[in-house]
Every structure is written in structure tokens, then in C-alpha cells.
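A look at the structure
So the chains spell out like this:
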Amino acid sequence: MASEEKSTAQISQRAELLDGARIADDIKREVAAEIAQLWRKPEQRPCLAAVRVGDDPASEVYVKNKIRACEEIGIRSEHHALPGSTTASELRELIGSLNARNEIDGILVQMPLPGGIDQAAIIETLNPAKDIDGFHPVNVGRLALGRPTFVPCTPAGIIELLTRSKIPIRGANACVVGRSQIVGRPMAQLLIQNDATVTICHSRTQDLKSVTTQADILVVAIGSPGLIRRDYIKSGATVIDVGMNKISDESVARALFGDEAERRLEIIKKRGYTLVGDVHPAEADEVAGRRTPVPGGVGLLTVAMLMRNTVKAAGKRRL
Ligand code: GUN
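On a predicted model such as this, the values are computed, not experimentally measured, just so you know. (Residues numbered from 1 in each chain as written. Predicted model: local features only at pLDDT ≥ 70, side-chain atom pairs only at ≥ 80, totals over all residues. Heavy atoms only, no water.)

In this model, methionine 111 is joined to proline 112 through a cis peptide bond whose omega is 0°. Cis peptide bonds are those with omega within 30 degrees of zero, and the linkage from valine 294 to proline 295 qualifies with -5°. Topologically, proline 295 is positioned in the loop between strand E11 (290–291) and helix H13 (298–318). Positive phi, normally seen in glycine, also occurs at aspartate 195, with a value near 70°. On the secondary structure map, aspartate 195 appears in the loop between helix H8 (184–193) and strand E6 (197–201). With a phi close to 50°, aspartate 207 is a non-glycine residue in the positive phi region. (Helix = DSSP H or I, 4+ residues; strand = E, 2+ residues; numbered from the N terminus.)

Here it is as C-alpha cells:
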């Protein structure tokens, strides 16, 4: 009886799942309509060049998803898949030629690059006007100054998710866990611009819990499976999980997924792994007001925002 009562109580306060898939579809539909209106002839439509080096399987999937999204909404694309043996100077040469080609509107260099290549130096070779990821120092600087720019796609997608889900940002206490160039730092900039009070935490933060439990909006991008447990979360908070970690151990999956464990165990049997974020989903459900699922949360928004940035680049360059 006691356990029945507990499970009823848990169900009654389960966090609402934020629907990243629906919002990503809405954004892609809006971008597709804009393309169809601005560029009637297919051969004039925006064109994205995707560059991938090496054979990291996750990067391969991400780039494939980006190219597929281009096809769905009417963006032209080309995919440059280079071997892991590619040198920095060969990569610079390719980027130079993409910078110079007028028909290319946006260039995406999938990260991470293989160990021997200096990522920061490669990013600096991009034409900032074609840097649809918003990674070039010129665009990073513009973002820091609060000026219009290309904004990195994952944090931009999270702002869309929050605003379209009517979650107030102005005046909210926001905590970003993770200080990466791709997510944590630009996320904090965007939250500041949206009038949140922002704290950035990272792997060296002392007493992480004491900070995260103050957050009305908690964004986690640190790459540590299930790190954020029930006692890290303020009751009713919105928890945005950017993590993408592979889990193949059945007992770990059971501990993480609660009611969803059986379905996840089936996935492990079929594929050898299932994905979990940086947030412990079963425990977050007991405390949070809303959370994003993994998969199906922010990953889809990243792709949608890349499409939007590509159209923006084409518009600025050609209209
Ligand atoms: N690696 C992880 N996320 C991203 C992203 O948004 N863009 C690129 N280029 N590489 C990534």
C-alpha cells in the first residue's frame, strides 16, 4: 500500500516533457516557407557546405541529419567528408575555396576535429559571413556585445524552446552547467540578453548542488551521464538537458529510466546502447516542473536553427 501511495504521488507531480520535436518541426516549416517565398527557382536557393573530417560515428550521424534537413526544406547542400589523415593545411585550403565560391552561403565544419588539428585556428579561417554555427571570433564577439550575429545553434534553439513553451526568462535565475564554446558560454550570453540572472558552473565548481538548486532554468551541457539528480533541482524548475551519452549497462539503464526502463532495455538489446543526457531522467521527473527528453529534446532544435542561420546568411549575402 505504501509503495502504491508513493507511486501515485510521483505520477501526480511528474515533470512535463518539453516537445523539442514539435518546435523543431514548426521552425523548419517556417524556414521552408521563407525559402519558397524568397527564392522561387530551386537553383537560386541557399546552399550549405558541410565539412566533416575523420570517421567519428556520432559526427557522421549529426552531419547526415543536417543534410537531410536541408533536403526536406529546400536548402541546397554539399557534403565534404575528408579522411582522418587530412592535414590542417588541406582543410584550410578547402575552407578557402568554400569561402571564395559565391554560391556557398553557409559553411559548417563539424566538431570535434581529429586530435592533430587546431580547431580554433581552423574556425578563424571561415568567412564570418558564412559562419552559420557562430563559432568565428567575430561572431562570438558580436554575441558578447549583444549585437546581431550568427548565434550557435544549440543555445539559440534552447531560447526558442523556452520562449515558444512560454517559460519566462526575464528575471529568472538561470544556471548553465558547462562552459564549452559551442553550448555553455553562448547559452549564458543569450540568457543574459533575455534578462535572466545567470550563473555559469563547470567541472571545477565547488558545491555544484548549492548553485543548481537556486535555478528556475537549469541548462546542463557537461557530458556526464545522469549527473543532475533530484537533489540538484529546485522544485518546479525547467531543466534543459543538452547531454548525449551512450549507456549500454542494463543495471545503469534500470536505475536511470524508471517507468521507461523496459523500453530502454529493448533498445540496448537491439542497438547495443541507449542515449541518456546529463540529467537523471527518473529523478528529475520527481522534482522538475518541465524537462527536455534525450533523445527528442534539444538535438532536433540544433538542426532547425542551423537551417534558419543558413537562410539568414543567404539573405544577408544576396538580398
Ligand atoms: N559539434 C557539436 N555540436 C556542434 C554544432 O552545433 N556545430 C558543429 N559544427 N559541430 C558541433
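There is more to say after this.
Tallied over the entire structure, the rule returns 0 aromatic pairs. Between lysine 246 and the ring centre of tyrosine 273, over which it is positioned, the NZ or CZ distance is 4.4 Å. Just above the ring of phenylalanine 150 sits the side chain of lysine 316; from NZ or CZ to the centre is 5.3 Å. (Phe/Tyr/Trp six-rings, centres within 6.5 Å; stacked < 30°, edge-to-face > 60°. Lys NZ or Arg CZ within 6 Å of the ring centre and 35° of its normal.)

The next point concerns the site of the ligand. Taken together, Lys66, Leu108, Val109, Gln110, Met111, Asp133, Phe135, Ile182 and Thr302 are the residues near the ligand. One of the side-chain N or O atoms of glutamine 110 is found 3.4 Å from a nitrogen atom in the ligand. Computed on the free molecule, the ligand has an accessible area of 280 Å², of which 84% lies beneath the protein chains in the complex. (Near = heavy atom within 4 Å. Polar contact = N/O pair within 3.5 Å; in protein donor to acceptor, adjacent residues only side chain to side chain. Areas by Shrake-Rupley, 256 points an atom, 1.4 Å probe, with all protein chains shown as cover.)

What follows concerns the pairing of E6. Note that strand E5 (residues 173–177) and E6 share 5 bridges and pair parallel. From the neighbouring strand, valine 177 faces E6, where its bridge partner is cysteine 201. (Pairing = 2+ DSSP bridges.)

Bringing H8 into the picture now. Buried residues of H8: Gly184, Pro186, Met187, Ala188, Leu190 and Leu191, and no others. If you follow the buried residues of H8, they end up packed against helix H6 (137–144), helix H7 (153–164), E5, E6 and strand E7 (217–220). Residue aspartate 195 follows H8 closely and has a positive phi angle near 70°. (Buried < 20%, exposed > 50% of the residue type's maximum accessible area, 1.4 Å probe, protein only. Contact = heavy atoms within 4.5 Å.)

Structurally, cysteine 70 can be placed in helix H3 (residues 57–73). Owing to a relative accessible area of 0%, cysteine 70 belongs among the buried residues under this scheme. Put simply, cysteine 70 and valine 303 are 233 residues apart on the chain and 9.3 Å apart in space, counted from C-alpha to C-alpha. Residues in contact with cysteine 70, not counting those within four places in the same chain, are Leu48, Ile75, Ser77 and Met307.

Moving on, we come to the sheet that holds E6. Ordered in space as E1-E11-E8-E7-E5-E6, the 6 strands form an open sheet in which the pairing is parallel. At either end of the open sheet lies a strand with only one pairing partner, and these are strand E1 (16–17) and E6. Relative to strand E8 (residues 238–241), E7 runs parallel, the two sharing 4 bridges. Among the inter-strand pairings, valine 220 is bridged to a residue of E8, identified as aspartate 241. Relative to E8, H7 is tilted by about 150°, and along the sheet it contacts E7 and E8. (Axes fitted to C-alpha atoms, helices over the stretch in contact; angles between N-to-C directions.)

The next point concerns the environment of isoleucine 27. Mapped onto the secondary structure, isoleucine 27 falls in helix H2 (residues 20–38). Residue class for isoleucine 27 comes out buried when judged on its relative accessible area of 0%. The contact partners of isoleucine 27, leaving out residues within four places of it in the chain, are Glu160, Arg164, Leu301, Ala304, Met305 and Arg308.

Okay, the sheet that holds strand E3 (residues 76–82) next. Within the open sheet, the 3 strands sit side by side as E3-E2-E4. Their pairing is parallel. The strands lining the two open edges of the sheet, one partner per strand, are E3 and strand E4 (106–109). The sheet shows a mean angle of 15° between the axes of neighbouring strands, direction not considered. Examined bridge by bridge, strand E2 (residues 47–53) and E3 share 7 bridges and lie parallel to one another. Each bridged residue has a counterpart across the sheet, and for valine 51 the counterpart in E3 is histidine 80.

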